[in-house]
Amino acid sequence: MANKFISFKYDPTEEGYSSSMWRTLYGDAYVSNNSLVLEKSEIIHYGDILRGDVSFTVTIEKPKIDDNIRIGLIQYSLGAYMYFKIDQGGLSIETSDGIDSNSISLDWQDEWSGVPVEFRIKWETGLITFYIGGQWKAYVSDSTIPTKPLSLYAFNDSVSEFAINYIIAKSIQSYVVSTGNDNSEFEAIITESDKLNITEDITSVASIPNKSLTDDTSIIENVSVEIQP
Amino acid sequence: MSNEYYNFYYDPVRQGYDSDTWSSTLGVPVISNNYLILNQAYAVHFADLLRCEVVFSVNIETPVNGMIKEFGLVSYNKNSYIKFNLTDDQLTVQTSPDGGNTENLETVVWNADWSSSDIEFKIKWEAGKATFYINNEYKWSFSNAFVPNDPLSVFVSSEDAINDLKIKYIDVTGIQSYNI
């Protein structure tokens, strides 16, 4: 075990949103009202973290049925993660080592809605503990605990606004930041929510003078265009 | 022995391919379908590592004559290495501290289940010892003076154009010394 620990913070007011520190997989992430706002967006930090105590202070509305939000740590292609997830109107914590996965449902508390609340993940060897608003909520101590480095991760594919006020990562056993990402060559990633959907309902009612009511013209068009990669 | 370890990973989805992290000595790898693709290309990572455990998630078609693909750890000009080598239809694990003048080499029989699948090829590099695993199964271990003792870098290579070497991710953990 390391006897030297690393800590850092991310403050949108101080740092803004930088493509040299964050990879935007899709959508828009921008700083507004001193917070990092994710508008149908998915972002991954370039720091590689092995074990640590990470707190995301975020503002989320009360979960709705169409909401899809994740905050925590991930190694994307390996499929390893530990995060809080809001989906189908419910809140849960999820863990995976890339092979096995675990999920524990939690109850949403109304006092968390629409105000900054701390979502904390404490990642130790063989144990992950989840806290919300300073309260212990769940723990995982099984084979789904990742043993490889992960990165800060946030995802919002909801109509509800999702904003990160700040992130504090401390007691990190190993921290390496990949460099040179500004000039990386990427392929275009097109996800489900990136697909272009145009749906128009057009109703036109024209009344023509000196004609009877039966001459009224009604035109109804349903136009649906879906472009897929 | 170090009591502070470094760990990092390379994920093509997150990092893409950039010339500040990798040196392309042959061709230029590309990102496609979330993989780093090498076809007549050779890339060396700039980080200098001393002892570690490195996992390459690799997708290769069934080996055939004409294929020359390699991945592992290398010091390029010194030609010191710990690597998996696929030449024609033969897979070998190899180490050398001096460009093959003194070399460990052992053949590993290709398993049809590995073809065209994302398979983890792992090298565990310790002091005087290199152990090779595929799909979490032990394959071979060298424990002698022919295991490098100087810093090496992650590398991936596909010299042939017959088919692609596809890298899904690379995990490097337990590094005793790391410098970039």
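The preceding data block contains the structure.
Rules used throughout
Residues numbered from 1 in each chain as written. Chains lettered and ligands numbered in written order. Predicted model: local features only at pLDDT ≥ 70, side-chain atom pairs only at ≥ 80, totals over all residues. Heavy atoms only, no water. Contact = heavy atoms within 4.5 Å. Buried area = accessible area lost by both parts, 1.4 Å probe. Salt bridge = Lys/Arg side-chain N within 4 Å of Asp/Glu carboxyl O. Helix = DSSP H or I, 4+ residues; strand = E, 2+ residues; numbered from the N terminus. Nonpolar A, V, L, I, M, F, W, Y, C, P; charged D, E, K, R; others polar. Phe/Tyr/Trp six-rings, centres within 6.5 Å; stacked < 30°, edge-to-face > 60°. Buried < 20%, exposed > 50% of the residue type's maximum accessible area, 1.4 Å probe, protein only. Lys NZ or Arg CZ within 6 Å of the ring centre and 35° of its normal. Core = buried A, V, L, I, M, F, W, Y, C linked by side-chain atoms within 4.5 Å.

Colleague: Pulling in residues and values, what's your account of the interface of chain B and chain A?
Modeller: By a frequent convention, interface size equals the accessible area lost on bringing the separate parts together. Contacts between chain B and chain A engage 29 residues on the former and 34 residues on the latter. Where chain B abuts chain A, roughly 2,500 Å² becomes buried across the two surfaces, and 48% of that area is made up of carbon and sulfur atoms. Inspection of the chain B/chain A interface yields one salt bridge. Between Arg14 of chain B and Asp48 of chain A there is a salt bridge whose closest N-O contact spans 2.7 Å. Looking at the side of chain B that touches chain A, the elements with two or more residues in it are strand S1 (6-10), helix H1 (12-15), strand S3 (30-32) and strand S16 (165-175) of chain B. Among the residues forming the side of chain B that touches chain A, the class breakdown is 11 nonpolar, 10 polar and eight charged.

Colleague: Give me the lowdown on the packing of aromatic side chains, citing residues and values where you can.
Modeller: Across all of its chains, the model carries 25 aromatic pairs over all chains by this definition. Between Trp108 of chain A and Trp112 of chain A, the aromatic rings sit 5.4 Å apart at their centres with planes inclined by 90 degrees, giving edge-to-face as the arrangement. The same class applies to Trp108 of chain A and to Trp112 of chain A, which are both buried. For Arg120 of chain A, the ring lying beneath its charged end belongs to Tyr131 of chain A, and the centroid distance is 4.3 Å. Above the face of the Tyr133 of chain B ring, Lys122 of chain B is positioned so that its terminal group lies 4.5 Å from the ring centre.

Colleague: An account of the nonpolar core is needed here, citing residue identities and associated values.
Modeller: Counting residues in hydrophobic clusters, the biggest one holds 47 residues, and the most contacted among them are Leu49, Val156 and Ile170 of chain B. For this core, the leading source of residues is S16 of chain B, giving five residues. With residues near it in sequence (within four places) discarded, Leu49 of chain B still touches Phe8, Leu73, Trp125, Pro151, Leu152, Val154, Val172, Ile175, Ser177 and Tyr178 of chain B. With 46 residues, the next largest nonpolar core counts Leu38, Val58, Leu78 and Trp108 of chain A among its residues.

What is shown is where atoms sit, not what they do.
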